[in-house]
Number of protein chains: 4
Amino acid sequence: MIHLESDYNNGACEAVLRHFLDTNNERSQSYGDDRFSQHARELIREACAAPEAQIYFLAGGTQTNATVIDCVLAPYEGVLCCDTAHINVHEAGAVEFTGHKVIALPSHEGKLCADELRAWLEAYFADGTAEHMVRPGMVYMTFPTELGTLYTADELRALHSICRQYQIPLYVDGARLAYGLAASSDIDLPRLAQLADIFYIGGTKCGALCGEAVVFSQGHAPVHMLSRIKRHGALLAKSRVVGVQFEALFTEGRYLSLGCDAVRLAKRLRHLFVDSLGYLPYIDSPTNQQFYIIPNDDLDRLRKHIGFEVWCPVDATHTACRFVTSWATTDEEIDLLERDLCSFKAADKKEPGNNCHQALSLL
Amino acid sequence: MIHLESDYNNGACEAVLRHFLDTNNERSQSYGDDRFSQHARELIREACAAPEAQIYFLAGGTQTNATVIDCVLAPYEGVLCCDTAHINVHEAGAVEFTGHKVIALPSHEGKLCADELRAWLEAYFADGTAEHMVRPGMVYMTFPTELGTLYTADELRALHSICRQYQIPLYVDGARLAYGLAASSDIDLPRLAQLADIFYIGGTKCGALCGEAVVFSQGHAPVHMLSRIKRHGALLAKSRVVGVQFEALFTEGRYLSLGCDAVRLAKRLRHLFVDSLGYLPYIDSPTNQQFYIIPNDDLDRLRKHIGFEVWCPVDATHTACRFVTSWATTDEEIDLLERDLCSFKAADKKEPGNNCHQALSLL
Amino acid sequence: MIHLESDYNNGACEAVLRHFLDTNNERSQSYGDDRFSQHARELIREACAAPEAQIYFLAGGTQTNATVIDCVLAPYEGVLCCDTAHINVHEAGAVEFTGHKVIALPSHEGKLCADELRAWLEAYFADGTAEHMVRPGMVYMTFPTELGTLYTADELRALHSICRQYQIPLYVDGARLAYGLAASSDIDLPRLAQLADIFYIGGTKCGALCGEAVVFSQGHAPVHMLSRIKRHGALLAKSRVVGVQFEALFTEGRYLSLGCDAVRLAKRLRHLFVDSLGYLPYIDSPTNQQFYIIPNDDLDRLRKHIGFEVWCPVDATHTACRFVTSWATTDEEIDLLERDLCSFKAADKKEPGNNCHQALSLL
Amino acid sequence: MIHLESDYNNGACEAVLRHFLDTNNERSQSYGDDRFSQHARELIREACAAPEAQIYFLAGGTQTNATVIDCVLAPYEGVLCCDTAHINVHEAGAVEFTGHKVIALPSHEGKLCADELRAWLEAYFADGTAEHMVRPGMVYMTFPTELGTLYTADELRALHSICRQYQIPLYVDGARLAYGLAASSDIDLPRLAQLADIFYIGGTKCGALCGEAVVFSQGHAPVHMLSRIKRHGALLAKSRVVGVQFEALFTEGRYLSLGCDAVRLAKRLRHLFVDSLGYLPYIDSPTNQQFYIIPNDDLDRLRKHIGFEVWCPVDATHTACRFVTSWATTDEEIDLLERDLCSFKAADKKEPGNNCHQALSLL
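Computed from a prediction, not measured in an experiment: that's the story for all the values here. (Residues numbered from 1 in each chain as written. Chains lettered and ligands numbered in written order. Predicted model: local features only at pLDDT ≥ 70, side-chain atom pairs only at ≥ 80, totals over all residues.)

Some thoughts on the overall build of chain A
Assigned secondary structure in chain A consists of 15 helices and 13 strands. The C-alpha atoms of chain A give a radius of gyration of 21 Å, which matches the 21 Å a tight globule of 363 residues would have. Principal axes of the C-alpha set define a box for chain A whose edges measure 65 × 60 × 35 Å. Put simply, chain A has 363 residues, and 59% of those count as buried. Across chain A, every contact between residues at least 6 apart in sequence was considered, and the portion connecting residues at least 24 apart equals 75%. (Helix = DSSP H or I, 4+ residues; strand = E, 2+ residues; numbered from the N terminus. Rg over C-alpha atoms; globule rule 2.2 N^0.38 Å. Buried ≥ 20, exposed ≤ 12 C-beta atoms within 10 Å, placed from the backbone. Contact = placed C-beta atoms within 7 Å.)

Some thoughts on the interface of chain B and chain A
Residue-level contacts link 41 residues of chain B with 41 residues of chain A. If you list the elements that add at least two residues to the side of chain B that touches chain A, you get helix H1 (14-23), helix H3 (61-72), helix H5 (94-97) and helix H10 (225-231) of chain B. With five residues, H3(B) is the single largest residue contributor to the side of chain B that touches chain A. In terms of residue class, the side of chain B that touches chain A is made up of 17 nonpolar, 19 polar and five charged. (Nonpolar A, V, L, I, M, F, W, Y, C, P; charged D, E, K, R; others polar.)

Observations concerning the relation of the copies chain B and chain A
Note on the copies: chain B fits chain A at an RMSD of 0.1 Å, the axial shift is 0.0 Å, and the rotation between them is 180 degrees. Each copy turns onto its partner about a two-fold axis. When you check the interface residues of chain B against chain A, 100% turn up at the interface there too, and the contact is symmetric in its surfaces. (Least-squares fit on C-alpha atoms with pLDDT ≥ 70 in both.)

A few points about the nonpolar core
Judged by nonpolar contacts, the single largest core of 487 residues is most densely connected at A:Val215, B:Val215, C:Val215 and D:Val215. Excluding residues that lie within four positions of it along the chain, B:Val215 makes contacts with B:Ile44, B:Cys48, B:Ala53, B:Ile55, B:Ala193, B:Ile198, B:Phe199, B:Tyr200 and B:Ile201. (Core = buried A, V, L, I, M, F, W, Y, C linked by C-beta atoms within 7 Å.)

A short note on the interface of chain C and chain A
Facing 15 residues of chain C, the contacting portion of chain A comprises 15 residues. Split into classes, the residues belonging to the side of chain C that touches chain A amount to six nonpolar, seven polar and two charged.

Let's talk about the sheet that holds strand E9 (residues 280-283) of chain D
Whenever strands of a sheet pair, they do so through backbone hydrogen bonds, lying parallel or antiparallel. Residues and elements named next belong to chain D. Here we have four strands laid out as an open sheet, ordered E9-E10-E13-E12, and antiparallel in their pairing. Taken across any chain shown, the strands that pair with only one partner, and hence form the sheet edges, are E9 and strand E12 (309-315). Recorded for the sheet is a direction-independent mean angle of 40 degrees between the axes of neighbouring strands. Two elements, E9 and strand E10 (residues 289-295), share three bridges in a ladder whose sense is antiparallel. The residue bridging Ile283 from the neighbouring strand is Phe291, located in E10. (Pairing = 2+ DSSP bridges. Axes fitted to C-alpha atoms, helices over the stretch in contact; angles between N-to-C directions.)

Let's talk about the relation of the copies chain C and chain A
For the match of chain C to chain A, the screw axis carries a shift of 0.0 Å, the RMSD comes to 0.0 Å, and the turn is 180 degrees. The overlap is high: 100% of the interface residues of chain C also sit at the interface in chain A, so the same surface is used on both sides.

Laid out in structure tokens, this is it:
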């Protein structure tokens, strides 16, 4: 049995736990001033080639999004994103709780389209009634997206350029950043720090017990950021808890390498599902979140061997399902899954090609 | 050098870290449904003799207060507390951020006075203009208080009885609950669960890396609590992070015993400061937070041997300082401090009695 | 020159001003208890055949929407509406300011589609991750809509029935209700009170200087409504200001008759624009807001005779414009406009039929 | 029977109603751009000798306070005031609703003490934990105060100077400004505009049907103020409603003269109550709000002749009561009251001197 329900169904990567043990007897400052957090910030600045960056550590993803967005926006501003964005759908209204509108543009496989963003902003600023509308104050995107897809450097550059033109900060939610960097051919941390005004490096889903590192790339964090964070209930007294973890993750390239492992295993998974089993991808994801179209008749049998998440119905007889690898997934687990599903396939007496054909006909 | 600046200058107690290691390879559910959180809830219900209790795990103290208070209050309600209460002073307005007024009554060594609370409520409900005022919807108290003091069971019972009469829930902030339970002669967890409608069992300051356990004693948590918590950015995806820790803390009586250790060491500290060094207590605290009146001339020399926090000026030549023991403080550290301050005292050529006398004259 | 920019470019209907004069020397209670407000409530209950209705008077439309929506929704709930809804577009984020998400469904000429609403609700409640999403707590619609269109009684009944099924209140924004009732063949106040759980009777745009009457049809206003309204800054001390006006408007059927006058003049306008001038309607509105497609070449000349609002570009050479009649518009003004535009047309040397043909070809 | 319950138990002064009639047939712009509002702004700038002032018209007092305070404060800031301040007591938490803490200092007959304000600010900025506390971002005061008292120019100058030193704006709530200006010997509108960064000129209680004029004396209103106001639900579409009224009030010195009339009548009332009837003042108010200590035995008989408000109990047998004159109060009413209470006194068979003596003995 392999568990691919999510990338937060695990503990922490070994180096993180070991670092907790190694540092446990030290006493430290608090509220972000501890030496672990300070060192972790240095390591992140180096990894991002962003010596001016200001970095804040928070506990979780929704908290980070709500806090960053509310702190950066003026009260009368809203945040632009695509309609599948996490903040628009799956954060229980945490951004609206802080008083800001989430303005949704169409999603293209989880991504914002630069042309549509530009057209929206042009129309807004040309509208004589604009002052009666929520003013756009930030563009939010996820990397990788909620659908596992990635922006290319060109796409990101186009979005960044529009944001520059309208003097609106571009904020990248990197809850799964390790996996995005591992899968991207042209975006690494330094480039991300150049193109995103603000981004966060996800820890919770990428090897840590908890914790996210918010990076203001050029150092333009709002004034009194500590008070702002505390007011959101997001300031950890024992800040070393996140500092220690990011110190471990940004030592010896661990953050990047754990992403690479998970993406490599996602590719093995893809080979198994598409090439061997003949399932069709629901979406073409290069990262650790994989989505396949599963005939409903197969669902129960699959569940005996693999934990996954039902994503959405595709048609009356097929369901899109999500399978997520993580730093905790092992080659042994995929080996076992291959063996399990191989017999599964045999029992099924179906040709992968047929499944494939059948699924294709749905689209 | 001993560090008594705070009870969050440390890592986690050994059992907590060990339990992280032991459970790290398991896969689990998320958002509170993981087996660690479920088991921790069972253990807490047993420890509280509160089989109906509903329990939620959050990451930190300010977050917990803001979330609980906002979720329990009706929109037009405020929370009553004494003016030194943490929510009124040191949470950067996190409660007001959620739209609610903090209504402050006088503090008596950090405590609410039942008679004053009753008088306030009587006056409010007798006031013909009450509907133009913020309605009282909760009474908040800390146990121990911000000044290290404790309510007796009789005091707590009196507050609880008033709350019953006015149908207002009583909420106890237990950020340092382990130390309060250790020092109290008549309040234990079952009694607390009887007298507080809601309370939280502090983890961050009491042996955990992070995490607080909110207990709705009679099980009357607001509906849709998960959505409410998430909306506050306070729902941990990887909920096991707190569940694992409370599982460890509520196994083999660890939560209570680590509190006892810290309180025992606070007593040793008190003996050293008052009896040996002749300092006067600034406040008579039976718990892990100790406050002494230090002549300003002694401050720098003290700082060579001990980390502490300046609390407030007492007069032109004396300062109240806070010294905090925790589960992480050791007998060896106190031994060393005794040796260090003994020589300190000798070098000082002062009689403790004199200091004492001098300090008394200030009050 | 006739001013059709809006229905709030005027003062108050004569009866309203006269009633101010007649009552000016009386002294009255405040905060809603004055005899004018109480009598106005009685008159509205009678007009709505809703003896149980609870009625609150507020000052303006955005204030009313934000206050009602926030007071009725639970904190974790959002409001469903169509994407062109006033609260979603033109209230500067006033609903989000109160912490609630506006959830937009597609607009069909300004209207919600019952089937789409049902499908959305079914999908929401079938979604296993629903508790991570904003819960639907109200359906908002406008009558007439922002595009001047009207729901039929069947359409309204269908929406109401879905709301019943899901126990979600249906709220009707009646900023221009007088004009909607005048133009509707099958919805009058009693029927509206049966089908809408909450609605407001617009005063500002319908004959009053200011003021809107919120009706909870079955009397299910939230508890402590006065405190809730005050907390939103929406409680008028001198409440008679709105009470006096609604007393005048709901005496001798004035509210309905002023709506009829405006709709009759809108029909004259339509005859002039479509039949005489050959412009195409941009949208088929039976109410006081009329939208026509104007060749850009005509805009400046039109502006010499008529004040109107540019709505949106239709194509490179045509613009949709809004012309709004109100209780203050007179037959004499339309007469004059007919004369002015008749000469305008003659000067133009164009055949209306040609314009018409040209415009049609765009669609 | 004379009604002195409040200064909002009336309609509008004659000139205001007449101006509504005179302007009713004009069409106008909206959202503050109408010519009435523009002219009223000019008149107010002249009256304040503040040519740079920016002026916004809102509907009511609580709305104005909440909107101004929220718009001016940074999110992490709170507003300082004295504990009897309207925003702290009688606005149902409208400021906290916008996310800001109201920080209360002691009240001295309704007034802030400059020395206490300075001491508080010094302590705040000297506190090493200040970033964990709500930052002071505004000082709020009322003129006249809730107790009818007035700051002298020296007192106001002292507060203003402290605010300058700490770069915190001083905001004056002038809900009853007409009466304060009438009673003050050394503060007029130009001086107020010099000493208050922001203030509002109350209309609702000073001759208008509704409406308050917010003045940013040096023109430093926050950017995008229109959007901010609308977001609070406080932007009137038909803005002329307030503009017309302030145009009338600031023509021919009406605003000041109606205040003078009310204060003159308050003096007649004081003569009657203190000199003739022998009641003691509860507080020494020079403005239109008068507070007297009434023996409880007299309350019912007084109520037959005069409407007033019970303020608070003084002791077991006496009650402080509030009697409020306004622009609508007439000499004839006071004449009648004198006759009524004269007989009342006679029936009472008591000597005023005795009452006086009795009352004095309470203090």
